Amino acid sequence: MRTDLIAETGMIDIKTLRDGYDIMVRHGDDPSLIRMHIRTLNTVDLPGLMELQSDVHSGMEDKEQFVFTSLEECADSVINDICIGMFKENRLIAASILVVNRASDRNIGAKMGYDPLQSATLDSMFISHEFRGMGLHNYMIGLRLELADELGAKYAFATVSPKNVYSLKNLKDSGFCCIYRGLMYGSFYRFVMMKKLKLQGT
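Position numbers for residues start from 1 in each chain and track the written sequence from start to end. Per-residue local features of the predicted model are confined to residues with pLDDT of at least 70, and side-chain atom pairs are confined, for both listing and counting, to 80 or more; whole-chain, interface and lining totals are unaffected and use all residues. Heavy atoms from the whole structure form the basis of all side-chain values; hydrogens and water molecules are not counted.

Draft legend 1. Region of the structure containing the pattern of salt bridges. A side-chain nitrogen of Lys or Arg and a carboxyl oxygen of Asp or Glu constitute a salt bridge if their distance falls within 4 Å. One pass over the structure, following the stated rule, counts ten salt bridges. Ionic pairing is found between D22 and R35, a salt bridge with its closest N-O pair at 3.1 Å. Taken as a pair, D22 in strand β2 (residues 21-25) and R35 in strand β3 (residues 34-40) lie far apart in primary sequence, 13 residues in all. A relative accessible area of 45% means that R35 is categorised as partly exposed. Taken together, the shared-partner salt bridges in this structure form one network comprising D76, D81, R102, R106 and D123. We count a stretch as a helix when DSSP gives it H or I for four or more residues in a row; a strand needs E for two or more, and each element gets its number in order from the N terminus. In this scheme, a residue with accessible area under 20% of its type's maximum is buried, one over 50% is exposed, and one in between is partly exposed, where area comes from a 1.4 Å probe on protein chains only.

Structure follows, in structure tokens:
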């Protein structure tokens, strides 16, 4: 099984993700390494995914920064998209969703007038509070960008609350720029971020 240091991870393809692989991470200045296992999630993981999402939401001071992904949406993505889970000793501690380049109400590119078949969306991401500050957010952004590129998407999209300065900075550092500011998901003020992908082999 593949094992990488989080700061040195190379290209991860969909097959590797489905098979599962390990990464080693550090927490702050602590020199010790923590092993995490990463794999795609399936329907049996849905209860753990919803529990993680609820725990993350309950621990947030500003609830406006967070929009719940419904059980129906998570179940849809487990089947039709790419749902990534990160585990520590069989406990799901982080998860993220890539809405692949397909026609979907959750394809942000389509909402912005782009071809949905060329647009992938970096959708929900949940990281347990006790595992923040370990680079997992940036890692999940990069991993989903690699997968979107492999799937042939030309553009990647994401939404973020302007109050979430940490996530906004990570998206900007990953090459995203803001293309829209306004209400999303009903009544939540969001920035829509976009990044043009460099397709593999081009």
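Additional details are given in the paragraphs that follow.
Draft legend 2. Examining the packing of aromatic side chains more closely. For Phe, Tyr and Trp, where Trp contributes only its six-membered ring, two rings pair if their centres lie within 6.5 Å, and the inter-plane angle classes them as stacked under 30 degrees, edge-to-face over 60, or tilted in between. Following the criterion strictly, the structure yields four aromatic pairs and no others. Aromatic ring contacts, followed pair by pair, group Y114, Y155 and F157 into a single cluster. Here the basic side chain of R181 rests over the ring of F191, its NZ or CZ set 4.6 Å away from the ring centre. Over a ring means this: the NZ of a Lys or the CZ of an Arg is within 6 Å of the ring centre and within 35 degrees of the ring normal.

Draft legend 3. A look at the environment of Q53. Inspection of the secondary structure assignment puts Q53 in helix α2 (residues 46-58). Judged by its relative accessible area of 0%, Q53 falls in the buried class. Sequence-wise, Q53 and M125 are 72 residues apart; in three dimensions their C-alpha atoms are separated by 8.7 Å. Only heavy atoms enter the contact rule, under which two residues are in contact if any of them lie within 4.5 Å. Sequence-distant contacts of Q53, defined by excluding residues within four places in its chain, comprise F66, V67, F68, T69 and F126. Polar contact is defined as a pair of N or O atoms within 3.5 Å, subject to the rule that within protein one atom must be able to donate a hydrogen and the other to accept it, and that residues adjacent in sequence are counted only when both atoms are side-chain atoms. Here T69 takes part through its backbone nitrogen, which lies 2.5 Å from a polar atom of the side chain of Q53.

Draft legend 4. Region of the structure containing helix α6 (residues 165-173). Among the residues of α6, S167, L168, N170 and L171 are the ones counted as buried. Taken end-on, α6 shows its buried residues confined to a sector of 165°, consistent with a single buried face. Facing away from the buried surface of α6 by more than 90 degrees, the exposed residues are V165 and D173. Buried residues belonging to α6 abut α5 (136-150), β7 (155-160) and β9 (188-196). Positioned one or two residues after α6, G175 has a phi angle of 100°, which is positive. Picture the helix axis, draw a direction to every C-beta atom, and the arc is the one those directions span.

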